[in-house]
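# Descriptive analysis of the structure
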Amino acid sequence: MLVESRFFTVVIICQILTVLTESNIDNKEQKCNRDPENGKKCGCAATNRVNSKENKNMQNPSDKYRPIETVGHRQTHVENMVKVEGGKFAMGTNKPILVADGEGPARTIKLKPFYLDRHEVSNADFDSFVKDTGHTTEAETFGDSFVLENLISKKELEKIQQAVAAAPWWLPVKKADWRHPEGPDSNIENRHDHPVIHVSWNDAVAYCKWANKRLPTEAEWEYACRGNLQDRLYPWGNKETPKDVHYMNVWQGKFPEKNKKLDGYLATAPVTEFPAQTKNGLKNMVGNVWEWTADWWDINHTPTEKINPTGPPTGTDKVKKGGSYMCTKEFCYRYRCAARSQNTPDSSAGNLGFRCAKDFN
């Protein structure tokens, strides 16, 4: 059976639509790159929830929460953040790998200084937020979320009667949420330092507001990712593993059959794992989990210079950046600073998280 449209459209968070031979993958990517509409279907944009009637009427979760008022609360400390000095940079690229994603053209962007979380928001961080506010995530409200098949227990697999035909490795699991990443028989007891997952854009906005922060704009995220290096694939340069050192958590091996875990992890890694990816100390900007940004999705960019851009005023999908542990060059070469993808604001999955930004005053 196909996943019922009430919960999800057929969208893949981090993969090309079907398990194909390498040559077929190349042909598929070329077709996607020529046709933006096909590109949206072929890209890492495939666990969107259909906006159900009840969801359309749902209040934005961030509206319910006051910012933290307690002086000295750990979430207000900017020492857990990195100051990103303002300046100009070339956003995007004139050598796009996935044209349909709107990676190009390169355009000059000028940004004011801002703070960015050194790490992705962890389970421990999110737990503090939930205990203080009583927040219920949208995955909990909807009652399910997508999980990579390799991570699901045999007991839970036997319960699943649905699958995404185009991506059989991606299964909707009942009661999968941030506390139960692989379903009701899983927990985060030994993963408090891992990034929180199964959180929607709305959940992320609510957390950041509570913490006196906000989501970074796409421009801010990419500027921080580039770390003053122009026209490079990764925050540290162009080599994926310079001097055989792993700087990120991505899939090694043939996806989805086997992850060789050369970086040490099958799924998420602690938010503090791996060397800093930028000189100012940011970790896991690429790899580990996708990260929500503030911007609405758009693929029509002009090369004209912009100052502190915030993206289109409206839209249907939000931009996410950075790729995840499920990404490979063959299926999801989006763990690059210029790469991008999208999901609806109420979407959630087992490889999607966030980090917060804060204005520098």
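Reading guide: rules and limits
Residues numbered from 1 in each chain as written. Predicted model: local features only at pLDDT ≥ 70, side-chain atom pairs only at ≥ 80, totals over all residues. Heavy atoms only, no water. pLDDT = per-residue confidence, 0-100. Contact = heavy atoms within 4.5 Å. Helix = DSSP H or I, 4+ residues; strand = E, 2+ residues; numbered from the N terminus. Buried < 20%, exposed > 50% of the residue type's maximum accessible area, 1.4 Å probe, protein only. Disulfide = S-S within 2.5 Å. 1 Å grid on protein atoms, 1.4 Å probe; cavity = no way out; pocket = protein on both sides within 12 Å on 5 of 7 lines; lining within 4 Å. Points joined across faces, edges and corners; volume = space filled by probe spheres on them. Nonpolar A, V, L, I, M, F, W, Y, C, P; charged D, E, K, R; others polar. Polar contact = N/O pair within 3.5 Å; in protein donor to acceptor, adjacent residues only side chain to side chain. Salt bridge = Lys/Arg side-chain N within 4 Å of Asp/Glu carboxyl O. Pairing = 2+ DSSP bridges. Axes fitted to C-alpha atoms, helices over the stretch in contact; angles between N-to-C directions. Parallel < 35°, antiparallel > 145°, perpendicular 65-115°, else oblique. Phe/Tyr/Trp six-rings, centres within 6.5 Å; stacked < 30°, edge-to-face > 60°.

### Quick word on the confidence of the model for the chain
Averaged over every residue, the pLDDT of the chain is 85; residues scoring 70 or more account for 79%. Segment residues 1-43: pLDDT under 50, and 123 contacts once partners within four positions in sequence are set aside and those in other chains are kept. Residue range residues 51-59 is modelled with pLDDT below 50. Its contacts to residues more than four positions away, or to other chains, number 11 contacts.

### Quick word on unusual backbone geometry
With an omega of 0°, the peptide bond between Gly104 and Pro105 qualifies as cis. Tracing the backbone shows Pro105 in the loop between β2 (87-91) and β3 (107-111). Not every positive phi belongs to a glycine, and Lys175 is a case in point at roughly 65°. Tracing the backbone shows Lys175 in the loop between β6 (170-174) and α7 (201-210). Notably, Lys243 is not glycine yet its phi reads approximately 55°, a positive angle. Note on placement: Lys243 falls in the loop between α8 (218-226) and β7 (290-296). Judged by relative accessible area, which is 83%, Lys243 ranks as exposed.

### Concerning the state of the cysteines
According to the stated counting rule, one finds two disulfides in the structure shown. Here Cys208 is linked by a disulfide to Cys356, with a sulfur-sulfur distance of 2.2 Å. Handedness of the Cys208-Cys356 disulfide follows from its S-S torsion of about -90°: it is left-handed. Remark: Cys356 occurs in the loop between β11 (352-353) and β12 (357-359) and Cys208 occurs in helix α7; sequence separation between them is 148 residues. As far as burial versus exposure is concerned, Cys208 and Cys356 are alike and both buried. Here Cys225 is linked by a disulfide to Cys337, with a sulfur-sulfur distance of 2.2 Å.

### A closer look at the pairing of strand β5 (residues 144-148)
Buried residues dominate β5, accounting for five of its five residues. Burial along β5 is two-sided: Asp144, Phe146 and Leu148 and Ser145 and Val147, pointing in opposite directions, are all buried.

### Details of empty space enclosed by the protein
Summed over all chains, the structure comprises two cavities of 30 Å³ or more. Per-class residue counts for the lining of the largest cavity are six nonpolar, three polar and two charged.

### Here we look at the side chain of Thr278
Inspection of the secondary structure assignment puts Thr278 in the loop between α8 and β7. Within the structure, Thr278 has its side chain in polar contact with the backbone nitrogen of Leu282 (distance 3.1 Å). Apart from the residues lying within four places of it in its own chain, the contact partners of Thr278 are Ala224, Cys225, Gly227 and Pro235.

### What to know about the pattern of salt bridges
Summed over the entire model, instances satisfying the criterion amount to 17 salt bridges. Close ionic contact of Glu156 with Lys159 constitutes a salt bridge, the shortest N to O distance being 3.0 Å. Of the two residues, Glu156 and Lys159 are both situated in helix α6 (residues 154-159); the distance of three residues between them amounts to about one turn of the helix. Beyond isolated ion pairs, a larger network of salt bridges with shared partners links Glu218, Glu222, Arg226, Lys321 and Arg340.

### So, the side chain of Thr268
Considering the arrangement of structural elements, one finds Thr268 in the loop between α8 and β7. A distance of 2.8 Å separates the side chain of Thr268 from the side chain of His194, its partner in a polar contact.

### Remarks on the sheet that holds β2
Consider a sheet: its strands pair through backbone hydrogen bonds, and that pairing is either parallel or antiparallel. The strand order across the open sheet formed by three strands is β2-β3-β8, and the pairing between neighbours is mixed. Strands with a single pairing partner mark the edges of an open sheet, and in this sheet they are β2 and β8 (306-307). Along the sheet, α8 makes contact with β2 and β3, crossing β2 at roughly 95°.

### Points about the packing of helix α4 (residues 123-133) against α7
Two elements in contact, α4 and α7, have axes separated by 11 Å at closest approach and are oriented at 80°. Relative to α7, the element α4 lies roughly perpendicular. Here Asp125, Phe126, Ser128, Phe129, Asp132 and Thr133 of α4 lie close against α7, whose contacting residues are Asp203, Ala206, Tyr207 and Trp210. Grouping the constituent residues of the contact of α4 with α7 by class yields five nonpolar, two polar and three charged.

### A look at the packing of aromatic side chains
Scanning the entire structure with this criterion turns up 19 aromatic pairs. On the numbers, 6.0 Å between centres and 20° between planes, the contact of Phe126 with Tyr207 is stacked. Remark: Tyr207 occurs in helix α7 and Phe126 occurs in helix α4; sequence separation between them is 81 residues. With a relative accessible area of 1%, Tyr207 lands in the buried category. Ring plane angle 75° and centroid distance 4.8 Å describe the contact between Trp251 and Phe255, whose orientation is recorded as edge-to-face. You can call Trp251 buried: its relative accessible area is 4%.

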